[in-house]
Structures are given as structure tokens and as C-alpha cells.
Amino acid sequence: FSIENLNSILIIFFSFNMSMCSIISRELRFSRAMIFAIEEINNSTKLLPGIRLGYQIHDSCASVPMAVHVAFQLSNGLDSVFYTGDNCSQSGTVMAIIGISGSTPSISVSRVIGPFNIPQVNIFTTLPLVHFQADALAKLVKHFGWTWIGAVRSDSDYGNNGMASFLDAAHKEGICVEYSESFYRTHPPSKIQRVADVIRRFLYTFFFTVFLGAATDERLCDGTEDITTLQSPYTDTSQLRITNMVYKAVYAIAHAIHNAVCQKTNSTTHCDKLTRIESKQVLAQMKKVNFSQNGYDVSFDANGDPVAKYELVNWQKSKSGSTELVTVGLYDASLPVGQEFHINKNLTWVEDSTQVPSSVCSDSCPPGTRKVLQKGKPICCYDCIPCPEGEISNATDSPDCFPCPKEFWPNAERNICFPKPVEFLSYNEVLGIILAAFSVGGACLAVITAAVFFHHRTSPIVRANNSELSFLLLFSLTLCFLCALTFIGTPSEWSCMLRHTAFGITFVLCISCVLGKTIVVLMVFKATLPGSNVIKWFGPPQQRMTVASLTFIQVLICTIWLVLSPPFPMKNLNIYKERIILECALGSVVGFWAVLGYIGLLAVFCFVLAVLARKLPDNFNEAKLITFSMLIFCAVWITFIPAYVSSPGKFTVAVEIFAILASSFGLILCIFAPKCFIILFKPEKNTKKHLMNKNQY
């Protein structure tokens with residue numbers, strides 16, 4: 001900033017970059033805007049009343065040395081002053097400078113005038129605010145979903161520092177920058193061509209202007225042209241953002257000087273025209289400037305930076321075919337975090353398309369997959385790998401998959417955890433229905449057999465086969481068939497305890513009856529020998545006592561098992577990963593195998609006795625039938641053990657039910673089927689004479 005205080009005439013020096021013919025018209029418009037603002041202030045009665053502002057305009061010729069040279073001249077004072085009035089008669093002192101429209105020259109000038117406390121207002125340079133621009137650009141790129149981009153910058157202080165800030169902001173937003181190239185308008189075509197070769201997803205069109213030696217057929221100005229019909233950057237008033245910055249810069253300087261030389265008393269403002277002020281006073285007041293002009297707020301922070309506020313501009317083609325700059329959004333750094341960036345209008349892209357172009361190295365990974373970086377590529381280049389078994393990802397571009405809880409399992413897409421289906425042998429499935437039908441059918445068969453025996457209880461064949469033990473055996477077989485039903489359905493605390501204990505006790509009762517019948521056969525045969533009275537030692541009381549004693553032992557084993565460590569329902573998560581097996585845990589494995597072992601011991605003992613009695617006369621005893629039944633029983637339970645251990649899930653229960661039903665059917669068919677056949681279909685053999693026939697003995 002600069003001021004000439006003689007006769008209170010203020011001089012503002014305005015420096016522009018006017019070396020490129022292609023932008024002369026634009027810089028001229030900036031100059032005219034400054035002049036307009038100065039004249040508007042000079043005619044104002046509220047701002048600097050009685051004081052007129054003056055100015056000088058210098059051309060830096062796009063040269064840093066030229067700009068520095070002029071800066072030294074301004075710092076040393078002026079030999080003469082250009083003025084339009086009679087009150088300005090002495091040389092002025094530089095009070096303020098409106099900076100060059102370029103970062104590098106402005107920085108160079110500021111380093112010269114800084115020690116002299118001469119303020120400089122830069123209307124085009126945004127280098128101090130480059131971090132805000134970088135943040136705004138990164139958010140803009142992120143808004144459109146671009147994660148893989150190339151970056152091009154001007155090879156200048158503004159471009160290089162700005163690119164460094166942008167790369168840092170882009171990295172924080174998760175954006176990959178494939179390349180970052182720089183060039184300057186003064187670079188040779190070969191270097192610019194190299195940049196173009198690197199860029200390729202871009203197309204640059206170069207425009208050349210003939211500065212000297214224009215074609216002879218070009219029309220020259222003759223003074224008759226209408227300036228209102230010219231189409232140039234000077235006459236284009238559709239976009240005045242930078243021009244408005246010039247306007248606000250002049251007013252900022254004027255307000256600073258006003259605050260330095262003017263005082264407000266009551267309702268009037270008095271400015272001391274004879275007060276001599278220095279540039280450092282203007283600089284101090286510049287930091288305090290805070291005013292509104294034409295709807296725009298102007299103020300500076302402690303660093304001399306204004307509030308970072310940027311319009312987002314979209315190049316759009318109008319109906320007439322011309323290109324228009326349309327404001328489509330705003331970036332305001334003064335707003336709360338996360339609310340700085342807004343886009344409020346639709347944008348147009350290449351060929352007037354409204355579809356946002358895609359700029360990604362890899363498409364987003366959908367839920368159910370995770371990102372795996374490609375070796376040697378930027379972080380935005382990755383492969384989408386499906387989540388492993390039992391794990392999910394429920395977000396787009398998830399870096400990792402996480403396992404489902406123990407009782408949950410992923411769906412087919414592996415993006416949601418669903419509760420695992422609970423599996424058990426139920427009455428609603430085919431296998432459960434078949435086993436339940438055989439169980440009920442077997443119980444009915446036992447009841448029918450008992451009814452036939454009861455109806456013919458006085459017949460020789462029923463009486464000869466120990467009817468009391470036969471009825472008790474049929475009763476125990478009925479219970480054996482029915483106990484299979486306790487293994488079907490939802491396992492509960494009571495059903496788990498009942499199924500194993502009922503099975504163990506009923507089968508011991510059954511085997512005890514068979515064992516009793518086998519002993520009776522042997523005793524009766526011994527009793528037929530001359531002088532033998534062994535039958536009196538194993539009469540009905542002894543038979544009942546034997547069955548009760550053997551069954552009581554099993555009851556005792558089951559009681560101890562239930563007291564110490566009873567079976568209980570549990571969710572088995574180990575057999576299958578994708579579903580839960582609801583089953584009955586044994587509680588005590590020793591208790592379970594003790595029950596089975598005791599049944600096996602009685603079965604083997606009964607089988608041995610039946611084998612010893614197998615050669616007795618067929619018409620007299622049923623030893624052969626007992627032998628076959630026990631052979632089937634032992635074979636079933638011997639094969640049950642490996643099948644039980646190796647069968648998974650609900651099939652373990654099915655194997656146990658099958659063993660119960662198979663052994664029960666083996667007993668009832670082998671022992672009672674031949675007798676029922678004789679009773680129902682061969683009544684002529686159901687006589688005492690036939691049973692006592694000893695021709696074969």
C-alpha cells in the first residue's frame with residue numbers, strides 16, 4: 001500500500017502482468033475496475049471524505065526480475081506523481097500495492113517490500129490459502145467417486161506448493177494419484193509434449209496467437225468500429241469474480257487508510273488531511289479491516305488471509321454454442337467440518353452428458369468381499385476377494401472380513417450373519433416319521449401277541465413256554481418299542497434323562513426275561529431225568545426274583561448316573577459349521593457305557609445258555625428260537641457301537657433308535673412268531689401229545 005500525504009492525496013500503485021497478448025484484455029479490465037473503484041471512493045462522502053486517491057499502473061512483463069525492479073523503485077519513493085487535480089503537487093510515498101496476477105512474482109515482490117512494512121493485497125494469488133484450495137479439490141474429487149486420478153500443475157511456486165498440499169489432502173481422502181506432471185507456458189514444446197504423452201485419460205489443444213508479422217490480409221482498426229460489438233475478454237462481463245476481487249482490494253485499502261486518518265464524532269466523520277501517515281500504519285489497519293461491499297464480506301485473519309470461500313464453476317455450453325461458466329456449488333472454509341462443500345446444481349460433462357465420468361483403478365468391492373491390494377500398484381488398485389467360509393463383510397470396500405458369532409452363519413452372499421438352523425430328529429421329517437411308525441408298530445405287535453397268548457393261555461403251547469415270563473417279556477418288549485419315541489423330538493432336560501434310562505432298564509428287563517426262559521428250559525430238561533428234583537430250585541418265585549434282581553442292578557446304575565452326571569440337552573457347534581445340532585449330551589460317558597455294558601453282559605450270558613440248550617428236542621423247548629433271537633440281538637448291538645461313534649448329528653440318534661427297534665423285532669419275531677403261527681394256523685399241533693412226542697429223542 002502507498003500514500004502521498006501532501007495535500008492529502010493518496011496514491012495507490014497497481015501492478016499487473018500484461019506481457020501476454022492473449023490476456024491483455026483481461027488485465028486491462030482489471031485496471032479499469034481499479035480505476036472505477038478509486039473514482040467511486042473519491043466521490044464518496046462516507047469513505048475518506050475530502051481525501052482523493054491516486055494510482056499508478058506498472059507492467060511486470062511476466063518477468064520476476066522486472067517485478068522486483070519495480071518493487072525497489074516503489075520502496076525508494078517516487079520522483080513524480082501522475083495526477084488529475086491541482087491539489088497533488090509533491091511526490092508521494094507508497095502506501096499499498098495491489099499485487100500481480102501471479103503467485104511467483106507476488107511472492108518476490110512481497111520479499112522486497114516486506115521489510116518496509118508496505119502492505120500488498122493480492123487479488124489473484126491464493127498461495128497462502130493453498131491448503132484450503134487443496135482440501136476443496138480433494139473433496140470435489142471424492143464427491144464424484146474418483147479414486148484414481150492424474151494431476152497437472154503449473155511449474156511455479158503456486159503450482160508446486162499447491163500440488164504438495166493437494167497430494168496430502170488426496171491421500172487423506174483415500175484418492176490415488178497415478179502421476180503428477182508440471183509445465184509452464186514458457187517451456188519448450190518438447191517438454192510440454194512429454195507431459196502430454198504422460199497424460200494420454202486427457203487431450204490438450206494448443207492455441208497460437210500471431211504477435212508479429214500478422215498476415216497481410218488481416219483487417220486493421222480504422223476508428224469506425226463499435227466497441228459494444230467487440231467480443232473479447234475486456235468486454236466480457238459475464239464472469240467478474242476476479243474483477244470483483246480488484247474492486248474489493250481497492251476498498252480494503254481505502255478502509256484501512258480511512259481508519260488511520262479519520263475519526264467519527266457523533267454522526268459526522270472527520271478526516272485530518274494534514275496527518276502524515278506511514279505504510280506500517282496502513283498495514284496495521286489492514287489486519288483490522290472488516291466491512292461489507294455489494295453483499296460481499298471483506299476481512300483478514302492474523303496471517304493476512306481472507307476467509308477461504310470458493311465458487312465451484314462448471315464449463316457448460318449454451319444454446320448458442322458458446323461456453324459459459326456456471327456456478328454449481330460453493331466451498332466455504334468458515335463452515336463446520338463436513339459442511340464446507342456443497343453442490344446444488346446438475347453438472348454437464350463431455351458432450352453435454354449428465355453422467356459423472358468414472359475414474360477408478362478398480363471398481364468398489366461389494367459387501368461379501370474384501371479388498372486385497374495389487375502388488376506394485378497404488379492403494380486404489382485392488383482385487384475383490386470373497387470372504388472365507390464363516391466370515392462376512394457388510395460394507396462396500398471393506399478391508400477385512402470378520403467372523404460371524406458362534407451360533408450364526410453367513411448367507412450365500414456372505415454379507416449378513418443369519419442364525420444357524422437348529423437340527424434334530426423331529427416328527428416332521430421323513431426319517432423321524434418312519435422310525436416313529438416302526439416304533440408304534442412294534443408296540444402294537446407286542447400287544448397283539450400278548451392278546452393272542454392271553455386268549456389261548458390254557459393251550460398246551462402257551463403253558464409249556466412259561467406263560468408268566470412270556471407275558472412279562474411281551475410287556476418289556478412293548479416298553480422297548482415305545483422308548484424309541486423318547487429319542488425323537490426336541491431334546492429337553494427331561495427327555496434326555498428319560499431316553500437313556502428308559503432304554504437301559506426296559507432292555508435289561510427284556511433280556512432278564514429271556515434269560516429266565518432259557519434257564520427254565522435247561523432246568524425242566526434236567527428235571528425229566530430220573531431222580532432229579534432241580535426244578536424245585538427254579539420255580540416261579542425264583543424266576544421272579546431273578547428278573548427283579550437283574551433289573552434292579554440296572555436301575556441302580558441309572559440312578560447313580562442321573563445323580564452324579566445326568567444327560568442334558570446341548571447345542572453341538574463342532575460337527576457342522578453351517579448348522580447347530582441339538583442333541584443330548586451323555587453327561588457321564590462312563591455311566592452310558594456301563595448301562596450298555598450291563599445289557600451286553602446279560603445278552604452274552606443268555607446267548608451262551610441258549611447255545612448249550614439248542615440240541616434239546618424241538619418239540620419240547622424253545623432254545624433254538626432263543627439262540628437265534630440272541631444272535632440277532634448281539635449282532636445288532638455289536639455293529640451299533642462303531643455306527644454310533646461315527647454317525648454325525650441327528651443320525652447318531654437314528655442309529656440308536658434303529659438298534660433298539662432291530663433288536664426288539666428280532667426278539668419278538670424269533671421267540672413268539674412260531675408259537676403264534678401254530679396257535680392261529682396250526683391248531684392241530686397245539687396239543688400235549690404233539691409237545692410230548694419223543695420219537696426224535
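Because the structure is a prediction, the values reported are computed rather than measured. (Residues numbered from 1 in each chain as written. Predicted model: local features only at pLDDT ≥ 70, side-chain atom pairs only at ≥ 80, totals over all residues. Heavy atoms only, no water.)

### Quick look at the state of the cysteines
Considering all chains together, one arrives at seven disulfides under this definition. A disulfide bridge connects C176 with C380, and the sulfur atoms are separated by 2.1 Å. Given an S-S torsion of about 95°, the disulfide between C176 and C380 has right-handed geometry. Summarising the burial analysis for this pair, C176 and C380 share the class buried. (Disulfide = S-S within 2.5 Å. Buried < 20%, exposed > 50% of the residue type's maximum accessible area, 1.4 Å probe, protein only.)

### Examining the sheet that holds strand β20 (residues 422–423)
The three strands are arranged β20-β22-β21 in an open sheet whose pairing can be described as mixed. Each end of this open sheet is capped by a strand with a single partner; those strands are β20 and β21 (568–572). As paired elements, β21 and strand β22 (residues 580–585) share five bridges and run antiparallel to each other. Bridge pairing in β22 links N572 to I581. (Pairing = 2+ DSSP bridges. Helix = DSSP H or I, 4+ residues; strand = E, 2+ residues; numbered from the N terminus.)

### Thoughts on the nonpolar core
Counting 72 residues, the largest nonpolar core has F503, M630, F633, W637 and I657 as its most contacted members. The set of elements that each furnish at least two residues to this core consists of α9 (430–455), α10 (460–464), α11 (467–483), α12 (493–527), α13 (540–564), α14 (589–612), α15 (623–646) and α16 (650–681). With 15 residues, α16 is the largest single contributor of residues to this core. Apart from residues no more than four positions distant in its own chain, W637 is found in contact with F503, F507, L596, A659, I660 and S663. If you look at the next biggest cluster of nonpolar residues, it comprises 36 residues, including F30, M34, L53 and A96. (Core = buried A, V, L, I, M, F, W, Y, C linked by side-chain atoms within 4.5 Å. Contact = heavy atoms within 4.5 Å.)

### Some points on the UniProt feature "transmembrane region" (unreviewed entry) in the protein chain
Within this structure's numbering, the places UniProt gives as "transmembrane region" (unreviewed entry) are residues 430–454, 469–490, 502–525, 546–564, 592–613, 625–645 and 657–681. Regarding residues 546–564, the helix share stands at 100% and the strand share at 0%, and the terminal C-alpha atoms are separated by 28 Å. Across residues 592–613, the secondary structure splits into 95% helix and 0% strand, with the terminal C-alpha atoms separated by 32 Å. (UniProt positions renumbered as here; feature names shortened; annotations may be inferred.)

### Brief notes about the sheet that holds strand β11 (residues 309–317)
Sheet strands pair by backbone hydrogen bonding; their relative direction is either parallel or antiparallel. Pairing in this open sheet of three strands is antiparallel, and the strands run β11-β12-β13 from one edge to the other. The two strands at the open ends of the sheet, each matched to only one other strand, are β11 and β13 (341–343). On average, adjacent strands in this sheet sit at an angle of 30° to one another, irrespective of strand direction. Here strand β12 (residues 323–332) runs beside β13; their pairing, made up of three bridges, is antiparallel. (Axes fitted to C-alpha atoms, helices over the stretch in contact; angles between N-to-C directions.)

### Points about the packing of aromatic side chains
Counted according to the given criterion, the structure contains 15 aromatic pairs. Ring geometry for F454 versus F471: centroids 6.4 Å apart, planes at 70°, classification edge-to-face. With F454 in helix α9 and F471 in helix α11, this residue pair connects regions lying 17 residues apart in the sequence. You can call F454 partly exposed: its relative accessible area is 49%. Seen from their ring centres, F507 and F633 are 5.7 Å apart, and the 35° between their planes marks the pair as tilted. A residue pair is termed long-range when its members are at least 10 positions apart, and F507 in helix α12 and F633 in helix α15 qualify at 126 residues. Taken individually, F507 and F633 each receive the classification buried, so the pair is uniform in this respect. Taken together through their ring pairs, the aromatic side chains of F36, Y247 and Y251 make up a single cluster. The ring centre of F454 lies 4.2 Å from the NZ or CZ of R457, which sits over that ring. One cation-aromatic arrangement involves K650 over F651; the distance from NZ or CZ to the ring centre is 5.9 Å. (Phe/Tyr/Trp six-rings, centres within 6.5 Å; stacked < 30°, edge-to-face > 60°. Lys NZ or Arg CZ within 6 Å of the ring centre and 35° of its normal.)

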